[in-house]
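# Structure at a glance
Chain by chain, the residues:
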Amino acid sequence: MTTVEDTGTRRSAQRTSLWGWLLALPTAWMVTFFVSSMAIIVLLSFGRTTNDGYPAFALSTANYRAIWNEVYLELLVRSLLYALATVVISALIAYPVAYAIALHGGRYKNALIAAIVVPFFASYLVRMYAWKALLSDDGLVNSGLRASGLSDGVTFLNTPWAVIGGLVYGFVVFMILPVYASLERLDTSLIEAGRDLYHGPFRTFVGVTLPATRAGLYGGALLVFLPALGDFVSAQLLGGANTYMMGNLVQQQFAEGQNWPLGSALTVGMMVALTVLMVAYLRATSTRGGER
């Protein structure tokens, strides 16, 4: 005799099986092409460039030894500093915005989040060109400064701050969303209790709100840091030779330099460094979760 419970269990199993089959093809597609492309990059990193300028597979560590070039290490340190600055500035911008929307947005929360997210649907390259147009010597910002009489013009482009500003503009939304999600889940009664205990908005924020939303802040920092470290568009359009990052070096090896093996070795090196950072982040967050 079939019971209602058996029927429900069978239907649940059928739905699970259906979703499994629906997800199987796109998952296999993504894994196959991701794994195959990464395998080619890894194999090519041990290769060489022929006299005709074509990449060829080989078994050589020369490309990895070349990474320790002083110029390359300088680019890596610069990229790390730019990425860290991008994370800090993005956090300073994102937290107040997310806080205002999550705790004071009321029924307009979704509309405000949409107003922030929708502009980022535009191509990243287009947005960087728009940023370049704004900051150029004859751009809107300098034209406004001259019209107001405050300045005869400021050189924004080809400076580190222009590159960092472009990175912040490009990736700040990745900080806003996870911080907003953490604040949206925050129990506001904790803030009220914190005001009774800490007697002041600043101490309440530091003692209650910030620790309670730390996971969202860490997640946003990771989401901003990873793409900022490998970005090359911002430095190429807004900076100059003195502001180039590792992403520019990799892009040049594949495009202008025609040295795909070295570019592959640089890519693998960056991926290893990012993987180490990712593992350290996951270990740190899991440790904090276990302590709580």
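All figures in this text were calculated on a predicted structure; none of them were measured in a lab.

Once that is clear, we can look at a nonpolar patch on the surface. A surface patch of nonpolar side chains, amounting to about 380 Å² of accessible area, comprises Trp-68, Leu-73, Leu-76 and Leu-80. Of note, Leu-76 is situated in helix H3 (residues 70–104).

Once that is clear, we can look at the packing of helix H4 (residues 109–117) against helix H8 (residues 173–185). Put simply, H4 and H8 touch, their axes get as near as 11 Å, and they point 165° apart. Taken together, the axes of H4 and H8 are roughly antiparallel relative to one another. The interaxial crossing formed by H4 with H8 has left-handed handedness. Together, Lys-109, Ile-113, Ile-116 and Val-117 of H4 and Val-173, Ile-176, Leu-177, Tyr-180 and Glu-184 of H8 make up the contact between the two elements. Among the residues forming the contact of H4 with H8, the class breakdown is seven nonpolar, no polar and two charged.

This paragraph deals with the pattern of salt bridges. The final tally for this structure, using the stated rule, is two salt bridges. Measuring nitrogen to oxygen at the nearest pair gives 3.4 Å for the salt bridge that ties Glu-74 to Arg-78. Of this pair, Glu-74 and Arg-78 are both found in helix H3, four residues apart, which corresponds to roughly one turn of the helix. By relative accessible area, Glu-74 is classed as partly exposed at 45%. Between Glu-184 and Lys-109 there is a salt bridge; the shortest N-O distance is 3.3 Å. With Glu-184 in helix H8 and Lys-109 in helix H4, the pair connects residues that are 75 residues apart, well separated along the chain. Looking at Glu-184, the relative accessible area reads 39%, which means it is partly exposed.

What follows is about the nonpolar core. Leu-167, Met-175, Leu-183 and Leu-266 are the most contacted members of the largest nonpolar core, which has 52 residues in total. In terms of residues, this core owes the most to one element, H3, which gives 12 residues.

Okay, the side chain of Asn-248 next. Its place among the elements puts Asn-248 in helix H13 (residues 246–254). What makes Asn-248 buried here is its relative accessible area of 1%. Polar side-chain contacts of Asn-248 include one of 2.9 Å to the backbone nitrogen of Met-245. Dropping the residues within four chain positions of it, Asn-248 is found in contact with Asp-231, Phe-232, Ala-235 and Gln-236.

Let's shift gears to helix H5 (residues 124–135). Taking 1.5 Å of rise per residue, the 12 residues of H5 would be expected to cover 16 Å, and the 17 Å separating its terminal C-alpha atoms lies within 8% of that figure. Those residues of H5 that fall on the buried side of the exposure criterion are Tyr-124, Arg-127, Met-128 and Leu-135. End-on, the buried residues of H5 take up no more than an arc of 100°, which puts them together on one face. Elements in contact with the buried residues of H5: helix H6 (140–148), helix H7 (160–171) and helix H12 (233–238). Between the side-chain oxygen at the start of H5 and the backbone nitrogen of Leu-125 there is a gap of 3.3 Å, and the oxygen is on Ser-123.

Let us look at the packing of aromatic side chains. Using the criterion set out here, one finds seven aromatic pairs in the structure. Aromatic side chains Phe-46 and Tyr-64 sit 5.1 Å apart centroid to centroid with 45° between the ring planes, which places their arrangement in the tilted category. Of this pair, Phe-46 sits in the loop between helix H1 (4–45) and strand S1 (48–49) while Tyr-64 is found in helix H2 (residues 62–66), placing the two residues 18 residues apart along the sequence. Relative accessible area serves as the criterion here: at 21%, Tyr-64 is assigned to the partly exposed category. Pairwise contacts between aromatic rings join Phe-120, Trp-131 and Tyr-169 into one cluster.

Moving on to the confidence of the model for the chain. Confidence in the prediction of the chain, expressed as mean pLDDT, is 82, and 88% of residues score 70 or more. The least confident element of the chain is helix H9 (residues 188–198), whose mean pLDDT is 68; the most confident is H7, at 91.

Following both chains from N to C, one finds H8 and helix H11 (residues 214–230) inclined at 165°, their axes separated by 8 Å at the closest point. One element, H8, and the other, H11, form an angle in the roughly antiparallel class. The crossing of H8 and H11 is right-handed. Together, Phe-174, Met-175, Pro-178, Val-179 and Ser-182 of H8 and Ala-215, Gly-216, Leu-217, Gly-219, Gly-220, Ala-221, Leu-223 and Val-224 of H11 make up the contact between the two elements. Tallied by class, residues from the contact of H8 with H11 come to nine nonpolar, four polar and no charged.

Now for the environment of Phe-174. Within the secondary structure, Phe-174 sits in helix H8. By relative accessible area, Phe-174 is classed as partly exposed at 35%. Sequence separation of Phe-174 and Ala-94 is 80 residues, and the distance between their C-alpha atoms is 9.0 Å.

What counts as what
Residues numbered from 1 in each chain as written. Predicted model: local features only at pLDDT ≥ 70, side-chain atom pairs only at ≥ 80, totals over all residues. Heavy atoms only, no water. Patch = residues over 30% accessible without salt bridge, like charges linked within 9 Å, V, L, I, M, F, W, Y side chains within 5 Å. Areas by Shrake-Rupley, 256 points an atom, 1.4 Å probe, with all protein chains shown as cover. Salt bridge = Lys/Arg side-chain N within 4 Å of Asp/Glu carboxyl O. Helix = DSSP H or I, 4+ residues; strand = E, 2+ residues; numbered from the N terminus. Axes fitted to C-alpha atoms, helices over the stretch in contact; angles between N-to-C directions. Parallel < 35°, antiparallel > 145°, perpendicular 65-115°, else oblique. Left-handed = near helix turned anticlockwise from the far one by under 90°. Contact = heavy atoms within 4.5 Å. Nonpolar A, V, L, I, M, F, W, Y, C, P; charged D, E, K, R; others polar. Buried < 20%, exposed > 50% of the residue type's maximum accessible area, 1.4 Å probe, protein only. Core = buried A, V, L, I, M, F, W, Y, C linked by side-chain atoms within 4.5 Å. Polar contact = N/O pair within 3.5 Å; in protein donor to acceptor, adjacent residues only side chain to side chain. Expected span 1.5 Å × (residues − 1). Arc of directions from axis to C-beta. Phe/Tyr/Trp six-rings, centres within 6.5 Å; stacked < 30°, edge-to-face > 60°. pLDDT = per-residue confidence, 0-100.

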